[in-house]
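Now for the letters of each chain:
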Amino acid sequence: SGKLLNGTYVLQTSNKDILIQGNLKNGLKVGVWKSWYPQTGHLQSIESWKNGLLNGRVEKFSEDGRTLLYKNYYKNGLLHGKNVDYSQDKKTITAFYTKGVQNGKFTELNAQDSTITKGKYKNGLKNGWLYVYKQGKQSPIQKKFYKNGQEMILPQKVAKPVKKTIKPQEKVVKQEKLKKKKK
């Protein structure tokens, strides 16, 4: 009919199971939208929309409905703010985004090898020190330095020779010991 859809939108299976539910305004997604796995009927995702763009929290769940796979935040359709990915491969990644570009601190917890990786991104590129720790340990087992996404090879620190200054009273004691030895 050429008219833009307004109101509640529901997509169902032939068995009347709901697969997708949300609201439309002038043909654009608005408000909270939910989807369900067709095989299990468990909740698949919850999304926040504004004027047809993701805006706010987006969560996705595993097919059994028990595990949160990720929780991301959007602003005007772009990742924005703190985002956490609880992926299936035993890694949890926490990262920050600004207008769709990774910026700021990130942390990766790897349950397979019990490591924690911490670092920073600037304009979508690794920038600064990246540290890898074993869980429960204070000192990093590995560290790398990045500048604009490129790993930099830094020169090893060379220990500077230490000058030992002898105090005047020590000189006198040493001289006296030398005199006694000569006798």
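See the structure printed just above.
What you are looking at is a predicted structure, and each value in this text was computed from that prediction instead of being measured.

Peer 1: Help me understand the overall build of the protein, please; the structure alone is not making it clear to me.
Peer 2: Across its full length, the protein holds 1 helix and 15 strands. Residue burial in the protein is summarised as follows: out of 183 residues, 21% are buried. For the protein, long-range pairs separated by at least 24 residues make up 4% of all intrachain contacts whose partners lie at least 6 apart in sequence. Here the protein has roughly 14,000 Å² of accessible surface; of this, 51% comes from carbon and sulfur atoms.

Peer 1: Teacher, can you tell me more about the pattern of salt bridges here?
Peer 2: Should their charged atoms come close, side chains of opposite charge can pair. In total, this model carries 1 salt bridge according to the counting rule given. The partner of R57 in a salt bridge is E59, with the nearest N and O atoms 3.6 Å apart. Judged by its relative accessible area of 12%, E59 falls in the buried class.

Peer 1: Which parts of the structure should I look at to understand the environment of N76?
Peer 2: Locating N76 in the fold gives a position in the loop between β6 (68-75) and β7 (78-79). Among the residues examined, N76 registers a relative accessible area of 52% and is labelled exposed. Once the C-alpha coordinates of N76 and L53 are considered, the two residues, 23 residues apart in sequence, prove to be 5.6 Å apart. Residue contacts for N76: discarding those within four places in its chain leaves L53, L54 and N55.

Peer 1: Quick question: what am I supposed to make of the packing of aromatic side chains here?
Peer 2: One pair of aromatic rings is described through two measures. These are the centre distance and the angle between the planes. Tallied over the entire structure, the rule returns 5 aromatic pairs. A connected cluster of aromatic rings, assembled from ring pairs, spans W129, Y131, Y133 and F145. Against the face of W129 rests K143, its NZ or CZ located 5.2 Å from the ring centre.

Peer 1: Explanation requested: the layout of surface pockets in the structure shown.
Peer 2: Empty pockets left among the atoms are what a rolling probe the size of a water molecule brings to light. Here the second largest pocket defines a volume of roughly 200 Å³. As for the second largest pocket, its lining consists of T94, F96, K105, F106, T107, K118, G119, K120, N127, G128, W129 and Y131.

Peer 1: Could you clarify how one ought to interpret unusual backbone geometry in this entry?
Peer 2: Across the chain, the bulk of peptide bonds are trans and the bulk of non-glycine residues have phi less than zero. Of note in the backbone geometry, N123 takes a positive phi value of approximately 55° without being a glycine. On the secondary structure map, N123 appears in the loop between β11 (115-122) and β12 (125-126).

Peer 1: Is there a simple way to explain the nonpolar core in this structure?
Peer 2: Side chains of a nonpolar character, in soluble globular proteins, are inclined to be buried together. Counting 7 residues, the largest nonpolar core is built from A95, Y97, F106, Y121, L130, V132 and Y146. Every element with two or more residues in this core is listed here: β9 (91-98) and β13 (128-134). Ignoring anything within four residues of it in the chain, the contact list for A95 reads G81, K82, N83, Q102, K105 and F106. Counting 6 residues, the second largest nonpolar core, distinct from the first, contains L24, L54, V58 and Y74.

Peer 1: What exactly am I supposed to notice about the pairing of strand β14 (residues 142-147) here?
Peer 2: Within a regular beta strand, the side chains point alternately toward one face of the sheet and then the other, so they alternate between its two faces. In this sheet, β14 lies alongside β13 in antiparallel orientation, the contact comprising 5 bridges. Bridged to Y131 within β14 is K143. Across 3 bridges, β14 lies against strand β15 (residues 150-152) in antiparallel orientation. Bridging across to β15, K147 finds its partner in Q150.

Peer 1: What is the right way to look at a nonpolar patch on the surface in this model?
Peer 2: On the surface, L5, Y9 and L11 cluster together into a nonpolar patch covering about 250 Å² of accessible area. Along the chain, Y9 falls in strand β1 (residues 7-12). Judged by relative accessible area, which is 30%, Y9 ranks as partly exposed.

Rules and cut-offs
Residues numbered from 1 in each chain as written. Predicted model: local features only at pLDDT ≥ 70, side-chain atom pairs only at ≥ 80, totals over all residues. Heavy atoms only, no water. Helix = DSSP H or I, 4+ residues; strand = E, 2+ residues; numbered from the N terminus. Buried < 20%, exposed > 50% of the residue type's maximum accessible area, 1.4 Å probe, protein only. Contact = heavy atoms within 4.5 Å. Areas by Shrake-Rupley, 256 points an atom, 1.4 Å probe, with all protein chains shown as cover. Salt bridge = Lys/Arg side-chain N within 4 Å of Asp/Glu carboxyl O. Phe/Tyr/Trp six-rings, centres within 6.5 Å; stacked < 30°, edge-to-face > 60°. Lys NZ or Arg CZ within 6 Å of the ring centre and 35° of its normal. 1 Å grid on protein atoms, 1.4 Å probe; cavity = no way out; pocket = protein on both sides within 12 Å on 5 of 7 lines; lining within 4 Å. Points joined across faces, edges and corners; volume = space filled by probe spheres on them. Core = buried A, V, L, I, M, F, W, Y, C linked by side-chain atoms within 4.5 Å. Pairing = 2+ DSSP bridges. Patch = residues over 30% accessible without salt bridge, like charges linked within 9 Å, V, L, I, M, F, W, Y side chains within 5 Å.

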